[in-house]
Amino acid sequence: MADAVLGIETSCDETSAAVLVSGELASLVILSQDIHKVFGGVVPELASRAHLAALPAVVDRALAEAGLAPSAIDAVAVTAGPGLAGALLVGVVYAKSFAFAGDRALIGVHHMEGHLFAPALEDRDLAPPFVALLVSGGHTLLLDVPAWGRYRLLGETRDDAAGEAFDKVATLLGLGYPGGPAIEKLAPEGDPSRFTFPRPMMAEGFEFSFSGLKTAVLHAVRATDDLERDRADLARGFQDAVLDVLVTKLERAVRSTGYSTAVLGGGVACSRALSARAAERLAGVARVAVASPRLNADNAAMIARAGWHRLRLGERSDWTLDARADLPLPGLEMSETTHDARRTASP
Ligand code: KG4
Ligand code: ZN
């Protein structure tokens, strides 16, 4: 039985390791790579090198904080994709070596499945069926989850991911990278009535689109004669528009499935504004399950948790496990609604 699981996450710019014992979090170490701030975004080659330099020490620290020797680890769970190819490879190669050297079980985990499992680290009773809205820098997924490991895609983004929109708009406003936290901090100071931005595709369906909204902010930034004065109002108008779209689609999905739980996950779910609005909109309809910000941003605890679930089902990866930048979500089925949306979208 794989009871002590070492989790490893290196898909983007966080080098992270965690230890999970019988499903309980024993330690979590997250090292955020500062170097990318200088460039205003993640530089893939620098991310790989920084992971390579830091990962052994991050793993040692996670083991020490859990009070466990390497020999006490039964299994290794590692993010195998999606993400930056070189960055993922560092984690996968390390995990394979660690597992092989100690004759341990190995399991490759999909990064977004990790985000989906994050709330289960703090809420052991969390169980499907539920609707999940997973919003990160690379993905915007609305899922019907009838059971762990079975995912029906209700909708996703046709262009930018929600987090990507936050990051691009933050750059337009001169707020630096990563943009989400900076916008969330500034937005409450803004006047919500000064800028009303479009709510793309909000009227119907489960699909998302954020690139038009980003362009609308760009035009507003170009039109202002005093960005200093308008910055908070623009941040407020943008955040209100994104959250309105996200929460409207989430509520539609909850009502159409009839489920009584909604899960929020991914880096954008660090936003207290998002979880508060979702809880407000779904009051009396569904409870909103969301992990603490530390577990919603990229971290190895969620990878260990998703891996532990699959290990308990007897799943194992073999030594051919490879990093895949475009790894598909295991167990993902298209729903009829998604098929319909795609048909109408294609020319
Ligand atoms: O899941 P994540 O840490 O990394 C990826 O898998 O991409 O998500 C990062 C994204 C970034 O785009 C960041 O701006 C966004 O999450 N984010 C937020 C907040 N905190 C992080 N977006 C809005 N509000 C926040 N408080
Ligand atoms: Zn992520």
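The structure this text deals with has already been given above.
Residues numbered from 1 in each chain as written. Chains lettered and ligands numbered in written order. Predicted model: local features only at pLDDT ≥ 70, side-chain atom pairs only at ≥ 80, totals over all residues. Heavy atoms only, no water.

(A) Examining the sheet that holds strand 1 (residues 4-9) more closely. Spatially, five strands are ordered 3-2-1-4-5 in an open sheet, and the strand pairing comes out mixed. Two strands lie at the open edges of the sheet, namely strand 3 (24-32) and strand 5 (105-110), each paired on one side alone. Averaged over all pairs of adjacent strands, the angle between their axes in this sheet comes to 20 degrees, without regard to strand direction. In this sheet, strand 3 lies alongside strand 2 (residues 14-21) in antiparallel orientation, the contact comprising eight bridges. The residue bridging Ala18 from the neighbouring strand is Leu28, located in strand 3. Here helix 1 (residues 44-66) sits on the sheet in contact with strand 1, strand 2 and strand 3, set at roughly 25 degrees to strand 2. Of the strands in this sheet, strand 1, strand 4 (75-81) and strand 5 are in contact with helix 2 (residues 85-101), which crosses strand 4 at around 160 degrees. (Pairing = 2+ DSSP bridges. Helix = DSSP H or I, 4+ residues; strand = E, 2+ residues; numbered from the N terminus. Axes fitted to C-alpha atoms, helices over the stretch in contact; angles between N-to-C directions. Contact = heavy atoms within 4.5 Å.)

(B) Representation of helix 7 (residues 227-257). With 31 residues, helix 7 extends 44 Å from end C-alpha to end C-alpha; this agrees with the ideal 45 Å at 1.5 Å per step. Within helix 7, the axis deviates most sharply at Asp233, by approximately 25 degrees. Where burial is concerned, most of helix 7 is hidden: 23 out of the 31 residues are buried. Looking at where helix 7 begins, the residue whose side-chain oxygen comes 3.3 Å from the main-chain nitrogen of Glu228 is Asp226. Immediately downstream of helix 7, the backbone of Gly258 shows phi near 80 degrees, a positive value. (Expected span 1.5 Å × (residues − 1). Bend = angle between axes of the 7 residues up to and from the residue. Buried < 20%, exposed > 50% of the residue type's maximum accessible area, 1.4 Å probe, protein only. Polar contact = N/O pair within 3.5 Å; in protein donor to acceptor, adjacent residues only side chain to side chain.)

(C) Highlighting the packing of aromatic side chains. Enumeration according to the criterion identifies seven aromatic pairs in this entry. Taken together, a centroid distance of 5.9 Å and an interplanar angle of 5 degrees make the contact between Phe195 and Phe197 stacked. For the pair formed by Phe195 and Phe197, the shared burial category is buried. Aromatic pair Phe208 and Phe210: ring centres 6.1 Å apart, planes at 20 degrees, arrangement stacked. Accessibility expressed as a relative area gives 0% for Phe208, which makes it buried. Overall, the relative accessible area of 0% leaves Phe210 in the buried class. Members of the aromatic cluster, connected to one another through ring pairs, are Phe117, Phe130 and Trp148. The ring of Phe208 carries Lys249 above its face, with NZ or CZ at 5.8 Å from the centroid. (Phe/Tyr/Trp six-rings, centres within 6.5 Å; stacked < 30°, edge-to-face > 60°. Lys NZ or Arg CZ within 6 Å of the ring centre and 35° of its normal.)

(D) Local environment of the environment of Asp225. Here Asp225 lies in the loop between helix 6 (211-223) and helix 7. Residues Asp225 and Leu332 lie 107 residues apart in sequence; the distance between their C-alpha atoms is 48 Å. Within the local environment of Asp225, its side chain forms a polar contact with the side chain of Arg229, the two groups lying 3.4 Å apart.

(E) Broad picture of the pattern of salt bridges. Tallied over the full model, the rule gives 24 salt bridges. Across the pair Arg158 and Glu207 runs a salt bridge whose closest N-O atoms are separated by 3.1 Å. With Arg158 in the loop between strand 8 (150-156) and helix 4 (162-172) and Glu207 in the loop between helix 5 (179-186) and helix 6, this residue pair connects regions lying 49 residues apart in the sequence. Exposure remark for Arg158: the relative accessible area of 39% places this residue in the partly exposed category. Measuring nitrogen to oxygen at the nearest pair gives 2.9 Å for the salt bridge that ties Asp230 to Arg229. Given the relative accessible area of 2%, Asp230 is considered buried. For Arg229, a relative accessible area of 47% gives the class partly exposed. (Salt bridge = Lys/Arg side-chain N within 4 Å of Asp/Glu carboxyl O.)

(F) Here's a closer look at the site of ligand 1. Lining the immediate surroundings of ligand 1 are 18 residues, of which His115, Gly137, Asp167, Gly180 and Glu184 lie closest. Asp167 is positioned such that a nitrogen or oxygen atom in its side chain is 2.6 Å from an oxygen atom of ligand 1. The separation between an oxygen atom of ligand 1 and a polar main-chain atom of Gly180 is 3.0 Å. Breaking the shell around ligand 1 down by element, the ones donating at least two residues are helix 3 (111-122), helix 4 and helix 5. In terms of residue count, helix 5 provides more of the shell around ligand 1 than any other element does, four residues in total. (Near = heavy atom within 4 Å.)

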